[in-house]
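Chains, contacts and geometry: an overview
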Amino acid sequence: MIETSDEQTPLTPVTVLGLGPMGRALASAFLNAGHQVTVWNRTSGKAGDLLDHGAVAAGSVQEAVRAGQVIIVCLIDYDAVQATLEPSQADWENRCLVNLTSGEPAQARQMSEWASSRGIDYLDGAILTPTPAIGTPSAAVLFSGAHDVYEAVQETMSAVGGAAVHLGDDPGQASAYEVALLDIFATSVNGIVHAFALASAEGIEPERFAAFATGIGGLLPEMITRFARQIQTGHYPGDRSTIASAASGITHIINTATTHGIDVGMLTAAKGIIDQAVADGYGTQGLARLSTMLHTRAVA
Ligand SMILES: NC(=O)c1ccc[n+]([C@@H]2O[C@H](COP(=O)([O-])OP(=O)(O)OC[C@H]3O[C@@H](n4cnc5c(N)ncnc54)[C@H](OP(=O)(O)O)[C@@H]3O)[C@@H](O)[C@H]2O)c1
């Protein structure tokens, strides 16, 4: 376990493995906070102006791990993390590995087990904000894994900015939040581009449409909060709108899109869930009820 610094001792040296846009943003934030920063990337020449600002480029993962006490890894996926760390033969004594790579909860738990089997102090994390937010108060990073490891790196990680949240000892929790939040993002992006395609097909100018579309988007925060309360309590009042009404509305979208030759795959899938809810007798209930209809098979 590393020792955290106080005002008399130098800041913890940090290593960043991975210099994609996020790795570079992280390294920059640690440099700005005054840490000694060592960087490594699979493909050389990606450090850019980090070196001008005091970062040191390591020639190998082993060398990079040796130079730091908090080792951040931020690569494209967990397979890349494994491919990077497994063969490295780095000495992890007195070091913490903080994995800020996006992935799946099961992968995070596997990674934690891998680290544990090698005696590596491991913390998993999920970055919820884009690169410009890193190092600013608007950064948002979730952490999960052993609490003592979190405590050991908390001060160092504060350079990333924002309010860090430790979600508990289960290393998969940060990824669990991330994938569920990405679920909102992925389906919303699909909804937005689909709506623009449909509006354009009906001769509506994108910028005129946007003025109304942002109004729809503005309804979502209140809806998320209200759905959370209903899902938590298992009570789905249909006083504002009902599933039966949604069945009618989504049919209009599908029919109109179909006349323009626009793909309706995602809408048809959504309609299938709505129709099932109506068939099961939930037509008079509110839309949050649909969240209980989505399991397609029993989980072993
Ligand atoms: N960018 C954002 O705004 C943002 C926001 C939140 C979370 N994240 C997460 O942060 C992580 C990094 O994202 P990013 O934006 O920096 O770019 P990225 O394109 O997701 O990852 C690029 C990095 O992954 C490395 N890499 C790819 N395949 C590899 C392999 N097989 N072995 C070793 N290294 C490999 C690249 O090295 P090479 O240069 O050698 O290809 C580079 O360092 C991702 O998990 C992403 O989801 C990013």
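Above this text you will find the structure in question.
A few points on the structure. Note that the structure is predicted; figures quoted are calculated from it, not measured.

Another point: the environment of alanine 277. In this structure, alanine 277 sits in helix 9 (residues 265-279). The buried category is assigned to alanine 277, whose relative accessible area is 0%. For the pair alanine 277 and threonine 292, spaced 15 residues apart in sequence, the C-alpha separation works out to 9.3 Å. Among all residues touching alanine 277, those that are not within four sequence positions of it are Ile243, Tyr282, Gly283, Leu290 and Met293.

What follows is about helix 7 (residues 206-233). Compared with the 40 Å implied by 1.5 Å per residue over 28 residues, the 40 Å span of helix 7 between its first and last C-alpha is a close match. At glutamate 222, helix 7 is deflected by roughly 30 degrees, the largest bend along its length. Those residues of helix 7 not exposed but buried are Phe209, Arg226, Phe227 and Gln230. Packed against the buried residues of helix 7 are helix 6 (173-201). Looking one or two residues beyond helix 7, the residue adopting positive phi is glycine 234, at roughly 70 degrees.

What follows deals with the site of the ligand. Taken together, 21 residues form the shell around the ligand, and within it Met22, Asn41, Thr43, Lys46 and Ser102 come nearest. Within the side chain of asparagine 41, an N or O atom sits 2.6 Å from an oxygen atom of the ligand. Out of a free accessible area of 880 Å², the ligand has 74% covered by protein chains. Breaking the shell around the ligand down by element, the ones donating at least two residues are helix 1 (21-32) and helix 3 (78-85). When grouped by side-chain class, the residues that make up the shell around the ligand number 9 nonpolar, 10 polar and 2 charged.

Rules and cut-offs
Residues numbered from 1 in each chain as written. Predicted model: local features only at pLDDT ≥ 70, side-chain atom pairs only at ≥ 80, totals over all residues. Heavy atoms only, no water. Helix = DSSP H or I, 4+ residues; strand = E, 2+ residues; numbered from the N terminus. Buried < 20%, exposed > 50% of the residue type's maximum accessible area, 1.4 Å probe, protein only. Contact = heavy atoms within 4.5 Å. Expected span 1.5 Å × (residues − 1). Bend = angle between axes of the 7 residues up to and from the residue. Near = heavy atom within 4 Å. Polar contact = N/O pair within 3.5 Å; in protein donor to acceptor, adjacent residues only side chain to side chain. Areas by Shrake-Rupley, 256 points an atom, 1.4 Å probe, with all protein chains shown as cover. Nonpolar A, V, L, I, M, F, W, Y, C, P; charged D, E, K, R; others polar.

Take it as geometry only, folks, not as evidence of what the structure does.
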